[in-house]
Structures are given as C-alpha cells and as structure tokens.
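Each chain, letter by letter, is given below.
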Amino acid sequence: MKALLVGVGQAGGKLATALSEFDAEMGFGAVRDALAVNTAAADLEPLPLDTVLVGQSRVNGHGVGGDNELGAEVMDEDAVEVLDALAPRMTAEIEAVVVVAGLGGGTGSGGAPVLVRELSRVYDVPIYALGVLPGRDEGALYQVNAGRSLKTLVREADATILLDNDAWRSAGESVEGGYAAINESMAKRVGLLLAAGEATQGVGESVVDTSEVINTLRAGGMAAVGYASSPAAEDAGENVNTVTSTVRSAVMTGLSLPNATDADAGLVAVAGDPDRISRKGAEKARKWLQEETGSMQVRGGDFPMNSDRIAAVVLLAGVERSRRVEEFLERARQAVRDEPEAKPDPASAFHNDEIDDLM
C-alpha cells in the first residue's frame, strides 16, 4: 500500500519518522512521503521530515500545553496550510493517507481528528489514523484527552489502528528509551503491513495485496496489528508448526493492542522465503484466526522475502469490543469523573461598577 504519512504532535512526528526510516531501511517503498505537523517549534526541529508549524497566531510556536480543545481549534484554523503542504505529495500513486498521533497530548489528540476530517473531505482514498494510547501512569489529563480524541477519530477515520503504550514499555527503561523502543516495534508492524504486496522478493503462491488490506480495514472502528517471527527450516514441509505457532504468537503476545482478539475482520500475511512457507501451515493458521476472532472474514496470503525466518503480520479490524479497549475507556471515564470542578474567579468578588479595572 503506497501511503502518505502525516505525524501530528510530538509523538506523532516521532512515530512517523520511525515508520519512514524502517520503510527506507528495508527498501520497501511503501511510504512515499511523510510530513510532520505541530504547534511546538522545538519538537519539529530535530525531525528529518518536512514540517508545518501551526497555531503560530495563537501559541507562538510554544505548543498547546496539553489542551486538546485548543489543539483542535488551531488545526481547524490552519487546516488549509497543512492541506497546501500535502497537495503536491498526494500524487496519483497514493493509495492511503495515515495520520499518526499520540492521543494523550494536546496537539495530537486535538489536531489529528480535525485533520482526518478535512482530508476525508478533500481526497477519495482511505484516511486511516494510527493512534497511541497513553499509559496508566501518564496522568488523568492524558486519559481524558485520549478518550475524547479516540471517540472522534473512530467516527472520522476509515479505521483507527491503536498502539497501547502500557503493553510495550519495559520495566526499568528510561522514558525516552521506552518510547524509542515502542516506536521501533510499531514501525515494524505497520511498516510490514503497508509493504505487503508491494516490494516483494521472490514469487509467492498467494501474495497479499493492497486491496486485501483495505477490505480488511473496511470494517472501520478500531484495529490492531500483530507481529512475530521464528527460525525456519529449509524444507516447507517441516515448517507447518512453525507457521501456525508464529501466527499464534503474533496474536497472543505481539498485538499492538493486547487481548483485542474479538474482531470483525482479519488478515494474516506469512512472510519469508516462498520455498520455506508451508501452505498447509498458512491455511491452518488462517482457520485458527477465524476461530480466535469469531469472524468469517479472515483473509490470508504470502509476503515473499529473502529470509531464513518465518514472520507473521496479523491485522485485526473492528476490535472495539475487546477487553483492552473497555479497560482504557473506563480509565478515561474515571478520569473525567475525577476532574476537579472549575474554581471560581477570585476577581468576581470585586465585581462592582464603582471600582475601575487597573487596565
């Protein structure tokens, strides 16, 4: 799938960068271009992408301070500027736009849904969102922001692929190191999904193509991507169990949104040397995924690559009924309930027409 990436906010810009770099390193050519958009100039400076600074008239390049209502207003006001920057990149070969954002911060959570809405109005290709859910320790504001943002994104985007920060941060890691590792993990998953059927090496028996990815995501709502890999024997006949166990690992321990296995549709791509991929194993894995997800819409195919390993990329769409999503939404609802009431303005005590204001 030839895609254009748009990173919104600090986390979105970094993840879009990781995706672009993974695609270039692997030589896939699925990411055709990328742009980073932010209200904070300092967050854009280190990125190796073309950038657009929005909200200068409102926040003067200093960010929105976690205020996602302000983030939405700023993006609404400056959407034309962003669309103008994207226009020359939206060539005839672009098959989808992926708006990437952290859903806890102000610019990403507020700006991404607005940008998705505007892109959907202008372009007739799928507009997907790739959203990062904040961890439990990131504070109530981030939970509230993400809950509100996710509710809007799911309505506006053709599908919203989710990454749960809690699932991918290792104990003892620094914050910066943890986020870098998370970005690397997610870049591999989404990067391989975008590349499926694009820059393949060798001839597969039943190669996954762009239409199958789009049709799987047509279920809309929330989606998750899984990945796992294992060493493979040279003879495909010896890799029946390798293929099935790798697909299971991708779903059970490698999903970007853990435990999100109750899905409306699924896709499994088995990557590796075509001579090592067991057709029997791939079909068994596809049937297992049907049973695991409860969906009869599970597609399957090959992703030919020159490798001595078997890898599995699994896409699950329509996972909003999953336990993990419900846990997050309850966390967001509790954060809303715990929000302190607005404090009265002390100046209101001096409301008297006989007292002049200082200014």
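Here goes a summary of the coordinates provided.

So, how was this worked out
Residues numbered from 1 in each chain as written. Predicted model: local features only at pLDDT ≥ 70, side-chain atom pairs only at ≥ 80, totals over all residues. Heavy atoms only, no water. Phe/Tyr/Trp six-rings, centres within 6.5 Å; stacked < 30°, edge-to-face > 60°. Helix = DSSP H or I, 4+ residues; strand = E, 2+ residues; numbered from the N terminus. Buried < 20%, exposed > 50% of the residue type's maximum accessible area, 1.4 Å probe, protein only. Pairing = 2+ DSSP bridges. Axes fitted to C-alpha atoms, helices over the stretch in contact; angles between N-to-C directions. Contact = heavy atoms within 4.5 Å. Polar contact = N/O pair within 3.5 Å; in protein donor to acceptor, adjacent residues only side chain to side chain. Expected span 1.5 Å × (residues − 1).

Our next topic: the packing of aromatic side chains. Evaluation of the coordinates by the stated rule reveals two aromatic pairs. Residues Phe28 and Phe303 carry aromatic rings whose centres are separated by 5.8 Å and whose planes lie at 50° to one another, so their mutual orientation is tilted. Of the two residues, Phe28 is situated in the loop between helix H1 (9–26) and strand E2 (31–38) and Phe303 in strand E9 (residues 298–304); the sequence distance between them amounts to 275 residues. The same class applies to Phe28 as to Phe303, namely buried. Among the aromatic residues, ring-to-ring pairing joins Phe22, Phe28 and Phe303 into one connected group.

Turning our eyes to something else, we now look at the sheet that holds strand E1 (residues 3–8). A sheet is described by the order of its strands in space; here 10 strands give the open sequence E3-E2-E1-E4-E5-E6-E7-E10-E8-E9, paired in mixed fashion. Each having just a single partner strand, strand E3 (50–53) and E9 make up the two edges of the open sheet. Looking at each pair of strands side by side, their axes are set apart by 25° on average, direction ignored. For E2 and E3, the ladder comprises four bridges, and the chain directions are parallel. What sits directly across from Val37, in E3, is Val52. Each of E1, E2, strand E4 (96–102) and strand E5 (127–133) is contacted by H1, which is oriented at about 150° to E1, the strand it contacts most.

A separate point is unusual backbone geometry. For Asn60, which is not a glycine, the phi torsion comes out positive at approximately 55°. With respect to the helices and strands, the residue Asn60 is situated in the loop between helix H3 (56–59) and helix H4 (68–86). Since its relative accessible area comes to 57%, Asn60 is described here as exposed. Non-glycine residue Asn259 carries a positive phi angle of around 65°. Among the structural elements, Asn259 can be located in the loop between helix H10 (240–252) and strand E8 (265–272). Judged by relative accessible area, Asn259 falls into the partly exposed class, the value being 36%.

Tracing the sequence through the fold places Arg309 in strand E10 (residues 309–317). What makes Arg309 partly exposed here is its relative accessible area of 35%. Taking the C-alpha atoms as reference points, Arg309 and Thr242, separated by 67 residues in sequence, lie 9.6 Å from one another. Setting aside anything within four residues of it in sequence, one finds Arg309 in contact with Ser229, Ser230, Pro231, Ala232, Ala271 and Gly272. Side chain to side chain, Arg309 and Ser229 meet in a polar contact 3.2 Å long.

If you check helix H11 (residues 279–293), its first and last C-alpha atoms are 21 Å apart, about what 15 residues at 1.5 Å a residue would give, namely 21 Å. Every buried residue of H11 is accounted for by Gly281, Ala282, Ala285, Arg286, Trp288, Leu289, Gln290 and Thr293. Where H11 is buried, its residues meet H10, E8, E9 and E10.

Right, let's get into the side chain of Thr293. Counting through the fold element by element, Thr293 comes out in helix H11. On the basis of relative accessibility, which here comes to 4%, the residue Thr293 falls in the buried class. A distance of 2.8 Å separates the side chain of Thr293 from the backbone oxygen of Leu289, its partner in a polar contact. Leaving out residues up to four positions away in the same chain, Thr293 has contacts with Thr261, Asp262, Ala263, Val298 and Leu316.

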